[in-house]
Amino acid sequence: MELNWLLNEYDGIVYVSDMQTYELLHMNRAGCEAFGVNEESFRDHERKCYEVLQSRDSPCPFCTNHHLKDSGFYEWEHYNDALNTTYLLKDRKFMWNGREARIEFATDISGYSKKIAIQEKERNSILKSLPGGIARLDARDMKTVLWYGANFLRMIGYTPEQFREELNSESRYIHPEDCQKVAGLMASLKISGETAMDEMRIVRRNGEVRTLNITLSYEDGESSEDGIPSYYSVGVDITEMKARQALQQKALEEACQAARMANNAKANFLSSMSHDIRTPMNAILGMTAIADMHAENPARVRDCLKKITTSSKYLLSLINEILDMSRIENGKLGICENNFDLGELVENTLELCRPLLMQKNHEIRIAIGQKIHESLVGDADRLQKVFLNILSNAIKYTPDGGLIEWTVNERPLELMDFAMLEFVFRDNGIGMSEEFVEHIYEPFVRAEDTRINDVQGTGLGMAIAGNIVHMMNGTITVDSVLGEGSCFRVNVPLKIQEQSVKVSDEFSGLSVLLVDDDRNVCENASVLLKELGVDVQWVLNGYDAVDVIRIAHEKNADFFAAIIDWKMPGMNGFETVRAIREQIDPDLPLIIMSAYDYSDIGEELKKAAADAFMTKPLFRSKLVRMLRQFLGKRNVKTSKGEVGNFSGDLDSRRLLLVEDNALNRDIARELLELKGAIIDVAQNGRQAVDLFSASPEGWYDLILMDIQMPVMNGYEACAAIRAMGRKDAKEIPVLALTANAFVDDVIKAKKAGMDGHLAKPVDADKMITIIRKWLSSPENMLTK
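Overview of the structure.

The rules we used
Residues numbered from 1 in each chain as written. Predicted model: local features only at pLDDT ≥ 70, side-chain atom pairs only at ≥ 80, totals over all residues. Heavy atoms only, no water. Axes fitted to C-alpha atoms, helices over the stretch in contact; angles between N-to-C directions. Helix = DSSP H or I, 4+ residues; strand = E, 2+ residues; numbered from the N terminus. Left-handed = near helix turned anticlockwise from the far one by under 90°. Contact = heavy atoms within 4.5 Å. Nonpolar A, V, L, I, M, F, W, Y, C, P; charged D, E, K, R; others polar. Pairing = 2+ DSSP bridges. Salt bridge = Lys/Arg side-chain N within 4 Å of Asp/Glu carboxyl O. Buried < 20%, exposed > 50% of the residue type's maximum accessible area, 1.4 Å probe, protein only. Phe/Tyr/Trp six-rings, centres within 6.5 Å; stacked < 30°, edge-to-face > 60°. Lys NZ or Arg CZ within 6 Å of the ring centre and 35° of its normal.

### Describing the packing of helix H15 (residues 519–531) against helix H19 (residues 620–628)
One way to put it is that H15 packs onto H19 with a least axis distance of 10 Å and a crossing angle of 60 degrees. When the axes of H15 and H19 are compared, the crossing they make is right-handed. Facing Leu528, Leu529 and Glu531 of H15, the residues of H19 in contact are Arg620, Leu623 and Leu627. Within the contact of H15 with H19, the residues separate by chemical class into 4 nonpolar, no polar and 2 charged.

Quick look at the structure:
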């Protein structure tokens, strides 16, 4: 009875049956509830175990009686169809009331099976997500694959059947050259018992060789479920990663090589730059000392000052190029889009180059193609930087008395509202070798040539030019022959202004004579004038010009004006003008044109009694401005007897100088007053605004405005003046006079309403030239 009580308290199913007759002798409370019986019912009717438990009418074929012993349990699992449940069964022989019986304990493990199934599914999902494959290798023969999973077969390129039949489920996929390495690795792991990682190659079924990163570990037979010592391995295909690493390594090596070359170039540059800096500095210090010792000798002092000025200008250009290159390398050099006039850009560039051209006695020829858009949108200041770098090199590296040609053309471009401008620069200088041309756009590089050892230069100019052109989506190329010269070709796409210069009929029927010994100049200018409705004739020398004008005068068909070149063989421009004035017509408007600045020929031009002066190259906008001066009048001499639209000095011109630094203010004031200008000064922007506001309209001809000042800076002062409700406030030229010398600073000045930009330290000649230009241009002159 005590045993019955214990069995009834067991949570699982327990029953007892006769070993011989299968008679069900006892079933605990849990069993009766599970099978829907009570103990009295089966005990009184001698029911069989297979009837109650399996609903069968004969013994179960899976009966385990023959496995049972007097000691120990026989364990097995069984799924009961009647209860739809899987049980873990434990059976053994047992004496029950003097009868040989079996006792069976049944535990429901259906929930565990479901959990195991879920875990198995999760395990398979995890294995499928692995980038490689898993394999178990028999450690006894070191080749048989006992088990594999994840992406093992896909990794080696075999199906299950192919792996089994073709490779005999063996590790013959390992690359023959790596077999010995893998075997050695496994042997060491068997001794150490550690886990190791290494690389090995495999050969896929299609012959493709792949590289794997493998992890290997060893388990002895005692630790294995089946008693077989094994190696467990995880392999990940790293072929593509290795290829990328190789490319990255190559790129890194190339970058390191480039960095080494750049560092070497910079080291060489710093070495040469130290020499370049010390040379003019030595000259400045030396000439200053010499001037001090010869203070009583004005001629010697002037010579020293001239040399000091030359050295100072070189130092300034050196600093500017280094700073420009630094901004390019730091990605701080931007490109802006502003309206500009192509003619003004070319003319301004030439003005900056003329002193060096004249110093070396070079001839410069400029040819402007036909049908060129002049009103464009782009970064004119950076384009000018490109042109200056190319031209200055052409001038410096061409022996004295050389020839430099600059051609401007417009090429077809399919992009709507854009023009492809081509600028070609040729010289007959020393040229460059093929080896150096390949490195010409690299910073800090200069050609090794004894002929240029004395030529000042940093090796940065073309690097800066190349970067600017590429930032503008343009191209720059060079052709050069050592000893014969070079040709640079710059192509830049530029947007056309929406409101370009329109052709009007105001010049229709007028006749103009062109006189120039350069046929290309005559032909191109003729096309431009004919587009304006002008009847054009041209001749190639002064003698023919005098004859043609005489014949027209005798026929009472005088020309409206004559445009005459200054430099011509036989009879030059001045001689031609004097001959026309003395022999034919003293009132015919005569215009001298030249590739040189007016300040170089002004006195001679006045004596010749010419009416006006214009610089080459000739653009349509420039011709329009010039011809408009003569509409309705035959002579435009001023009341002072000066020639036309230009002045040789600043006599009686009143300028407002705004500068907070006393020394800089005194220097600028002295330079301007020496040229005859009347100077009012302001020490900050607020004083400048107050002085201008209190002055009569038209009182000031021009304002020189510093930028960084206390109280109110130059940008704010200019904006305040422009906002005043008076005509001269909007028209007066305002030039920035500042140490902010980058192109970005020029752009900021323009956005603030300023018309020009002068960088400190002040270049006296350049400052006077620019001021003269603004004061002499008719569109910038104010009516007093």
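### A closer look at the sheet that holds strand E9 (residues 209–219)
Pairing is antiparallel in the open sheet, where 5 strands are placed in the order E7-E6-E10-E9-E8. Strands with a single pairing partner mark the edges of an open sheet, and in this sheet they are strand E7 (145–150) and strand E8 (196–203). The average undirected angle you get between the axes of adjacent strands in this sheet is 25 degrees. On the sheet, helix H8 (residues 179–192) packs against strand E6 (133–138), E8, E9 and strand E10 (230–237) and is oriented at approximately 150 degrees with respect to E8.

### Considerations on the pattern of salt bridges
On inspection of all chains with the given rule, the structure shows 36 salt bridges. Note that Arg210 is salt-bridged to Asp237, the shortest N-O span being 2.9 Å. Linking Arg210 in strand E9 with Asp237 in strand E10, this pair joins segments that are 27 residues apart in sequence. A single network of salt bridges, built from pairs that share partners, joins Arg204, Glu208, Arg210, Asp237 and Glu240.

### Some remarks on the sheet that holds strand E5 (residues 99–108)
Spatially, E2-E1-E5-E4-E3 is the arrangement adopted by the 5 strands of the open sheet, whose pairing is antiparallel. Edge positions in the sheet fall to strand E2 (24–27) and strand E3 (74–80), since each of these pairs with one other strand and no more. Strand-to-strand, the axes of this sheet are offset by a mean angle of 30 degrees, without reference to chain direction. With 7 bridges joining them, E3 and strand E4 (residues 85–96) adopt antiparallel strand pairing. Note that in E4 the partner of Tyr74 across the bridge is Asp91.

### Topic: H19
Within H19, 7 of the 9 residues are buried, which leaves the element mostly enclosed by the surrounding structure. All buried positions along H19 are accounted for by Arg620, Ser621, Lys622, Leu623, Val624, Met626 and Leu627.

### Looking at the packing of aromatic side chains
Throughout the structure, instances matching the rule amount to 16 aromatic pairs. Centre to centre, the rings of Phe152 and Tyr173 are 5.5 Å apart; their planes meet at 80 degrees, and the pair counts as edge-to-face. In this pair, Phe152 is assigned in helix H6 (residues 152–156) and Tyr173 in the loop between helix H7 (160–166) and H8, connecting sequence segments 21 residues apart. Judged by its relative accessible area of 3%, Phe152 is buried. Measuring from centroid to centroid gives 5.1 Å for Tyr218 and Tyr231, while their planes differ by 50 degrees, and the two rings are tilted. Pair noted here: Tyr218 is in strand E9 and Tyr231 is in strand E10, with a separation of 13 residues, a long-range link. With respect to burial, Tyr218 and Tyr231 carry one shared label: buried. Seen from the ring of Phe73, Arg92 lies directly overhead, with NZ or CZ sitting 5.8 Å from the centre.

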